[in-house]
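The primary structure of each chain is shown beneath.
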Amino acid sequence: MPTHHASPLDAELNPPTHLTDILARVRALHRDEVVPREEALKHRLEDERLFLDADGKLHPEIIAARRDIMRAAGKAGIYSAHLPIHLGGGGLGRTDMIYVEEQVYGYGCGLNPALLSWSEGATPRLLYCHDHQREQFTQPLVRGEKTSLHAVTEAGAGSNLFDMKTHARKRGDDWVLNGSKAYITNAFDADVVQVLAMTDPGAGRRSFTYFMFDAREMMGRGYRTGRLYQTMFGDGYTGELFFEDLVLPSSAVIGEVGQGFDIAVMSFNYTRMRRAGMCSGWSKYLIERSLERVQSRQIGDRPLGANQGIQWMIADMYLDWLQTRSLSLEVARTIDNPGPWYALPRPKDEIRRICALKLSNDESFYRVADRALQVHGGFGVMRNNPINKLFQIARNLRIPGGTDEVQRTTIAETLGLRFDTSKSQPVKPIQ
Ligand SMILES: Cc1cc2nc3c(=O)[nH]c(=O)nc-3n(C[C@H](O)[C@H](O)[C@H](O)COP(=O)(O)OP(=O)(O)OC[C@H]3O[C@@H](n4cnc5c(N)ncnc54)[C@H](O)[C@@H]3O)c2cc1C
């Protein structure tokens, strides 16, 4: 991987001194666990055809390297730094996590994101797992030894959870699950499935329940994966799932029966808050690469960056980064203050601020990525370079975790602009 020069943006990160040790551990992990693997897999990371296997799925060597990094980060206390200490996490609040995340993502888009748990790992749903689920699921996920998937979206139900068709019916002590899920991250390699289903249609927010089970144990026994989606950023691990008379014991429930909606909202909040450090780190990376490019690229008798039109693009990228980062830190501060962000239910004001955080991060990162690509000229358009890859990722981020429009709608609704809720949340009978 190329060595980059010290950046004028580094001094602006200004992390609090109590994070000095953990940030040093992140740097050491990156140097010892990430960089050597990125060098060994350079040919795969720099060529999307080799990044995937013959079926278009993530190449097993990339999966193995990511898992090695996750486990190493788990041992070093980084991977689950966002979770409370009683669960085996690092106990960091959201503000502190922004500094950790932006350091991790500031390395770019190689294998570095595997240093931190994301939607395939130790998500806050684990906080609602029961003691009997601890050994098989919770602890291995917290330690980065297993991966999971989070199945909510369906082909006919994305932005509105109440359109969901996947349902679980009680049969004796068991639940029988039927339905399908679409666009699911880590569909093919997950060890653990976490799926949201309707259990009591018509009960409003009490209509849903989360279930968790071992993917390999249930594969072919009522659970199966479907097709792989070819995403625009060629991730090779987004797919379809099917549940066909899948029998699960009552011990498979996460939280309580009927608590699924609230746990889902808490999960979405987490995913949305997670954008802060991710988009800040990646935006900073793109601004730094753009600065290097416009200083080194000669056009005519002077560097590209001597042109005012280019300077203003760089200035606008900086402004987007600074504004959104400041907003994120302010929102995180207000979330950290009243107490744990994962306690249920969440106050409306907080949900609104988290939506504002996601929206601002996704849209400003997209603008930064667009300008970064522009100042890189033809090179930026070519596939298989980090500028182009991050542009594709930036475009994608505006869809999952709630689209830009869902964030705006939620902001407006929590400001009092909610009309005719019976129509906006139709309740469908189980078929
Ligand atoms: C790469 C990727 C990974 C994903 N991973 C997961 C995963 O791991 N687990 C999971 O459960 N899901 C996952 N998703 C699904 C994702 O959460 C949904 O795609 C997203 O919520 C949008 O749902 P939809 O695709 O059905 O779009 P739709 O709901 O059909 O929306 C289409 C468009 O209409 C807009 N829209 C919808 N309602 C309104 C409204 N009321 N007002 C104005 N505009 C509106 C939307 O903003 C969007 O622009 C993933 C998606 C992608 C692309």
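Residues numbered from 1 in each chain as written. Predicted model: local features only at pLDDT ≥ 70, side-chain atom pairs only at ≥ 80, totals over all residues. Heavy atoms only, no water.

Colleague: How should unusual backbone geometry be read in this particular structure?
Modeller: A negative phi holds for most residues other than glycine; trans holds for most peptide bonds. For Asn-14, which is not glycine, the phi dihedral falls at a positive 45°. Looking at the element boundaries, Asn-14 is found in the loop between helix H1 (10-13) and helix H2 (20-40). Positive phi, normally seen in glycine, also occurs at Asn-186, with a value near 65°. (Helix = DSSP H or I, 4+ residues; strand = E, 2+ residues; numbered from the N terminus.)

Colleague: How do you make sense of empty space enclosed by the protein when you look at a structure like this?
Modeller: Gaps left between atoms show up when a probe the size of a water molecule is rolled over them. In total, this model carries 2 cavities of 30 Å³ or more according to the counting rule given. In this structure, the second largest cavity occupies an estimated 50 Å³ of space. Along the walls of the second largest cavity sit Cys-279, Ser-280, Ser-283, Asp-320, Trp-321, Thr-324, Arg-325, Asn-361, Ser-364 and Phe-365, which together make up its complete lining. Counting only elements with at least two residues in the lining of the second largest cavity, the list comes to helix H10 (275-296), helix H11 (308-336) and helix H12 (348-375). In terms of residues, the lining of the second largest cavity owes the most to one element, H11, which gives 4 residues. Considered class by class, the residues forming the lining of the second largest cavity number 3 nonpolar, 5 polar and 2 charged. (1 Å grid on protein atoms, 1.4 Å probe; cavity = no way out; pocket = protein on both sides within 12 Å on 5 of 7 lines; lining within 4 Å. Points joined across faces, edges and corners; volume = space filled by probe spheres on them. Nonpolar A, V, L, I, M, F, W, Y, C, P; charged D, E, K, R; others polar.)

Colleague: What am I meant to see in the packing of H2 against helix H5 (residues 60-75) here?
Modeller: In a pair of packed helices, the angle between the axes and the distance between the axes together describe the arrangement. Packing of H2 against H5 leaves a shortest axis separation of 10 Å and a crossing angle of 170°. One finds that H2 runs roughly antiparallel with respect to H5. Counting all contacts with H2, which are made through Leu-29, Glu-33, Val-34 and Arg-37, the residues of H5 involved are Ala-65, Asp-68, Ile-69, Ala-72 and Ala-73. Residues belonging to the contact of H2 with H5 are distributed by class as follows: 6 nonpolar, no polar and 3 charged. (Axes fitted to C-alpha atoms, helices over the stretch in contact; angles between N-to-C directions. Parallel < 35°, antiparallel > 145°, perpendicular 65-115°, else oblique. Contact = heavy atoms within 4.5 Å.)

Colleague: Got a minute to help me understand the state of the cysteines in this structure?
Modeller: Covalently bonding the sulfur atom of one cysteine to the sulfur atom of another cysteine gives a disulfide. Scanning the model with the defined rule gives 0 disulfides in all. Residue Cys-279 stays outside any disulfide, its sulfur separated by 13 Å from that of Cys-109, the closest cysteine. Distance from the sulfur of Cys-355, which forms no disulfide, to the nearest cysteine sulfur (Cys-279) is 15 Å. The buried category is assigned to Cys-355, whose relative accessible area is 0%. (Disulfide = S-S within 2.5 Å. Buried < 20%, exposed > 50% of the residue type's maximum accessible area, 1.4 Å probe, protein only.)

Colleague: Would you mind showing me how to read the packing of aromatic side chains here?
Modeller: To describe a pair of aromatic rings, one takes the distance between the centres and the angle between the planes. Counted under the stated rule, the structure contains 12 aromatic pairs. Here Phe-213 and Phe-243 contribute two aromatic rings whose centre-to-centre distance is 6.5 Å and whose plane-to-plane angle is 90°, an arrangement assigned as edge-to-face. Residue Phe-213 is found in strand E5 (residues 208-214), and its partner Phe-243 is found in strand E7 (residues 238-249); the two are separated by 30 residues along the sequence. Each of the two residues, Phe-213 as well as Phe-243, counts as buried. Cluster of aromatic residues (ring-pair linked, three or more members): Tyr-105, Trp-282 and Phe-365. Geometry around Tyr-366 places Arg-395 over its ring, the cationic atom sitting 5.6 Å from the centre. For Arg-398, the ring lying beneath its charged end belongs to Tyr-366, and the centroid distance is 4.9 Å. (Phe/Tyr/Trp six-rings, centres within 6.5 Å; stacked < 30°, edge-to-face > 60°. Lys NZ or Arg CZ within 6 Å of the ring centre and 35° of its normal.)

Colleague: Explanation requested: the site of the ligand in the structure shown.
Modeller: Neighbouring the ligand are 16 residues, the closest being His-150, Thr-153, Ser-159, Thr-403 and Glu-405. One of the backbone nitrogen or oxygen atoms of Tyr-183 is found 2.8 Å away from a nitrogen atom of the ligand. At 2.5 Å, a side-chain N or O of Thr-403 approaches an oxygen atom of the ligand. Coverage of the ligand by the protein amounts to 63% of the 970 Å² it exposes when considered alone. Sorting the residues of the shell around the ligand by element identifies strand E1 (148-151) and strand E3 (174-185) as the ones contributing at least two each. Ranked by residue count, the leading element in the shell around the ligand is E3, at 3 residues. When the residues that make up the shell around the ligand are grouped by side-chain class, the tally is 7 nonpolar, 8 polar and 1 charged. (Near = heavy atom within 4 Å. Polar contact = N/O pair within 3.5 Å; in protein donor to acceptor, adjacent residues only side chain to side chain. Areas by Shrake-Rupley, 256 points an atom, 1.4 Å probe, with all protein chains shown as cover.)

Colleague: For this particular structure, what's the right way to read the pairing of E1?
Modeller: It is a general feature of regular strands that their side chains alternate between the two faces of the sheet. Neither face of E1 is exposed, since Ser-148 and His-150 on one face and Leu-149 and Ala-151 on the opposite face are all buried. Pairing of E1 with strand E4 (residues 192-198), which is carried by 4 bridges, proceeds in the parallel orientation. Looking across to E4, one finds that His-150 is bridged to Gln-194. (Pairing = 2+ DSSP bridges.)

Colleague: Just checking my understanding: could you explain the nonpolar core for this structure?
Modeller: A general feature of soluble globular proteins is that nonpolar side chains tend to end up buried together. In this structure, Leu-161 and Leu-286 are the most contacted members of the largest nonpolar core, which totals 100 residues. No other element matches H12, which puts 11 residues into this core. Excluding anything up to four places from it in sequence, Leu-286 contacts Met-317, Phe-365, Val-368, Ala-369, Ala-372, Ile-387 and Leu-390. With 22 residues, the next largest nonpolar core counts Trp-175, Val-193, Ala-197 and Leu-241 among its residues. (Core = buried A, V, L, I, M, F, W, Y, C linked by side-chain atoms within 4.5 Å.)

Colleague: Help me understand the layout of surface pockets, please; the structure alone is not making it clear to me.
Modeller: Reported here for the second largest pocket is a volume of approximately 150 Å³. Considering the residues around the second largest pocket, the lining is formed by 13 residues, among which Gln-136, Phe-137, Met-212, Pro-249 and Ser-251 are closest to the centre. When contributions to the lining of the second largest pocket are tallied by element, the ones reaching two or more residues are helix H7 (134-142), E5, helix H8 (215-218) and E7. Top contributing element to the lining of the second largest pocket by residue count: E5, with 3 residues. Here the lining of the second largest pocket is composed, by residue class, of 7 nonpolar, 4 polar and 2 charged.

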